[in-house]
Amino acid sequence: MPQKHGFSSLAVFGLACGISLPAQADTNEDLAKQLANPIASLISVPVEVAHDRGLGTNGDGHSTALVVKPVIPFRINDSWNIISRTIIPYITTSDVTPGEYKHGFGDVQQSFFLSPNAVGPGGVTWGIGPVLQIPLSANNGLGTNEWGAGVTGVALAQPGPWTIGILANHVWNIDAAAPEQSKTFLQPFLNYTTENSWTFTVNTESTYDWVNDQWTVPINYKIAKLVSAGGQRISLSAKATHWVESPSAGPRDWGATLGATFLFPK
């Protein structure tokens, strides 16, 4: 049986701000299934370190990114939630341009999903809302360095141990004076969660750049295990990425990611 939690300072903060904090799940399997749902009513803070190689025109460049992806649900009423999902990357590159080293923030992506509490017909859970691109890259060459906005949505079902769904968004530039931007992101995913809280995932996080007529297509193979450390629930994960398609100076071959997701059930 999982360990019981006392009220953490984050839980107190959540109640004060109206954040939806679900009741303690009965098993680690339940929490692992919630974690497989991008819009579950569960506070989680994924922290990942991703490494890719083969960057630059000569293919000698490397990139390492520390990415924090907090997910925080807010309860509106008995019928609706808003789920905030934020992606904050800090990127280090070397030899993308021979002999050049860069580091700094990339573009931050902020999404909000309006989602019903009740599961819909056919067992489908869905959410839709706005997405905002925040240019923290500040001319460091590690992002677009321009504001963007658009729409995002997710739909999924969880029959038995499976989670099947897709998350998508489209972002345009806000400033008409800035270079044109129009990108579609597609993330279909398939997860299998075992009774002892292992989760196996296959997905792609593909982007189509409409301005440059360019696909970026990584295929991800991920394994995760939910554990407890001093009463704190943590999902530890490892992911291998195969780059099927990328821009001429983009990553090639294989990449790897290690992650830890901190969970905060009530």
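On a predicted model such as this, the values are computed, not experimentally measured, just so you know.

Novice: Would you mind showing me how to read the confidence of the model for the chain here?
Specialist: Predicted coordinates in areas of low pLDDT are best not read in detail. Model confidence for the chain is summarised by a mean pLDDT of 87, while 89% of its residues fall at 70 or above. Taken as a whole, residues 1-26 scores under 50 in pLDDT and shows 53 contacts with residues more than four places along the chain or in a different chain.

Novice: Sorry if this is basic, but what is going on with the side chain of Thr241 here?
Specialist: Looking at the element boundaries, Thr241 is found in strand 14 (residues 232-245). The buried category is assigned to Thr241, whose relative accessible area is 5%. Of the polar contacts made by the side chain of Thr241, one reaches the side chain of Asn220; its length is 2.7 Å. Look past the residues within four positions of Thr241 in its chain and what remains in contact with it is Pro218, Ile219, Asn220, Asp253, Trp254 and Gly255.

Novice: Could you clarify how one ought to interpret unusual backbone geometry in this entry?
Specialist: With glycine set apart, most residues show a phi of negative sign, and most peptide bonds adopt trans. Of note, Asn145 is a non-glycine position whose phi angle comes to about 55°, a positive value. Here Asn145 shows up in the loop between strand 7 (124-134) and strand 8 (148-157). Of note, the phi angle at Ser197 is positive, near 65°, even though the residue is not glycine. Mapping Ser197 onto the fold places it in the loop between strand 10 (182-193) and strand 11 (198-204).

Novice: Explain the packing of aromatic side chains here, please?
Specialist: Pairs of aromatic rings are described using the distance from one ring centre to the other and the angle between the two planes. If you walk through the whole model with that rule in mind, you get six aromatic pairs. Ring geometry for Trp162 versus Tyr192: centroids 4.8 Å apart, planes at 65°, classification edge-to-face. Of this pair, Trp162 sits in strand 9 (residues 162-173) while Tyr192 sits in strand 10, placing them 30 residues apart in sequence. Tyr192 gets classed as partly exposed once you look at its relative accessible area, which sits at 32%. Here Tyr208 and Trp210 contribute two aromatic rings whose centre-to-centre distance is 4.7 Å and whose plane-to-plane angle is 90°, an arrangement assigned as edge-to-face. Taken together, the aromatic side chains of Tyr208, Trp210 and Trp215 make up a single cluster linked through ring pairs.

Novice: Please clarify how the pairing of strand 1 (residues 43-55) should be interpreted in this entry.
Specialist: Sheet faces and side chains relate simply in a regular strand, where the side chains alternate between the two faces. Direction of pairing for strand 1 relative to strand 15 (residues 254-264): antiparallel, over a ladder of nine bridges. Residue pairing across strands places Ile43 opposite Phe264, the latter belonging to strand 15. Direction of pairing for strand 1 relative to strand 2 (residues 61-68): antiparallel, over a ladder of eight bridges. Its bridge partner being in strand 2, Arg53 is matched across the sheet by His62.

Novice: Where do I start with a nonpolar patch on the surface in this structure?
Specialist: A grouping of Ile76, Trp80, Leu114, Val124, Trp126, Ile128, Val151 and Trp172 is seen on the molecular surface, where their side chains present a nonpolar patch of about 690 Å² in accessible area. With three residues, strand 7 is the single largest residue contributor to the nonpolar patch. The exposure class of Val151 is partly exposed, given its relative accessible area of 42%.

Novice: I'm lost on the nonpolar core in this one. Help?
Specialist: For soluble globular proteins, nonpolar side chains are generally found buried alongside one another. Counting nine residues, the largest nonpolar core is built from Ile39, Val71, Ile83, Phe113, Val154, Leu156, Leu167, Phe185 and Phe189. Looking at this core, the elements that each hand over two or more residues are strand 8 and strand 10. Not counting chain neighbours up to four residues away, the residues in contact with Val154 comprise Pro38, Ile39, Phe113, Thr125, Trp126, Gly127, Ile166 and Leu167.

Novice: So what exactly am I meant to see when it comes to the pairing of strand 12 (residues 206-209) here?
Specialist: Bridge analysis of strand 10 against strand 12 gives four bridges, and the strand direction is antiparallel. Across the sheet, Leu186 pairs through a bridge with Ser206, a residue of strand 12. Pairing analysis gives three bridges linking strand 12 to strand 13 (residues 214-229), with the strands arranged antiparallel. Note on strand 13: the bridge partner recorded for Thr207 is Thr216. A loop of four residues connects strand 12 with strand 13, the two strands running antiparallel in sequence, and Asp213 in this loop sits at a positive phi of about 55°.

Novice: Explain the environment of Thr97 here, please?
Specialist: By the secondary structure assignment, Thr97 is in the loop between strand 4 (80-94) and strand 5 (101-105). Given a relative accessible area of 41%, Thr97 falls into the partly exposed group. Measuring from C-alpha to C-alpha, the distance between Thr97 and Asn58 comes to 8.6 Å, with 39 residues separating the pair along the chain.

Parameters and conventions
- Residues numbered from 1 in each chain as written.
- Predicted model: local features only at pLDDT ≥ 70, side-chain atom pairs only at ≥ 80, totals over all residues.
- Heavy atoms only, no water.
- pLDDT = per-residue confidence, 0-100.
- Contact = heavy atoms within 4.5 Å.
- Helix = DSSP H or I, 4+ residues; strand = E, 2+ residues; numbered from the N terminus.
- Buried < 20%, exposed > 50% of the residue type's maximum accessible area, 1.4 Å probe, protein only.
- Polar contact = N/O pair within 3.5 Å; in protein donor to acceptor, adjacent residues only side chain to side chain.
- Phe/Tyr/Trp six-rings, centres within 6.5 Å; stacked < 30°, edge-to-face > 60°.
- Pairing = 2+ DSSP bridges.
- Patch = residues over 30% accessible without salt bridge, like charges linked within 9 Å, V, L, I, M, F, W, Y side chains within 5 Å.
- Areas by Shrake-Rupley, 256 points an atom, 1.4 Å probe, with all protein chains shown as cover.
- Salt bridge = Lys/Arg side-chain N within 4 Å of Asp/Glu carboxyl O.
- Core = buried A, V, L, I, M, F, W, Y, C linked by side-chain atoms within 4.5 Å.

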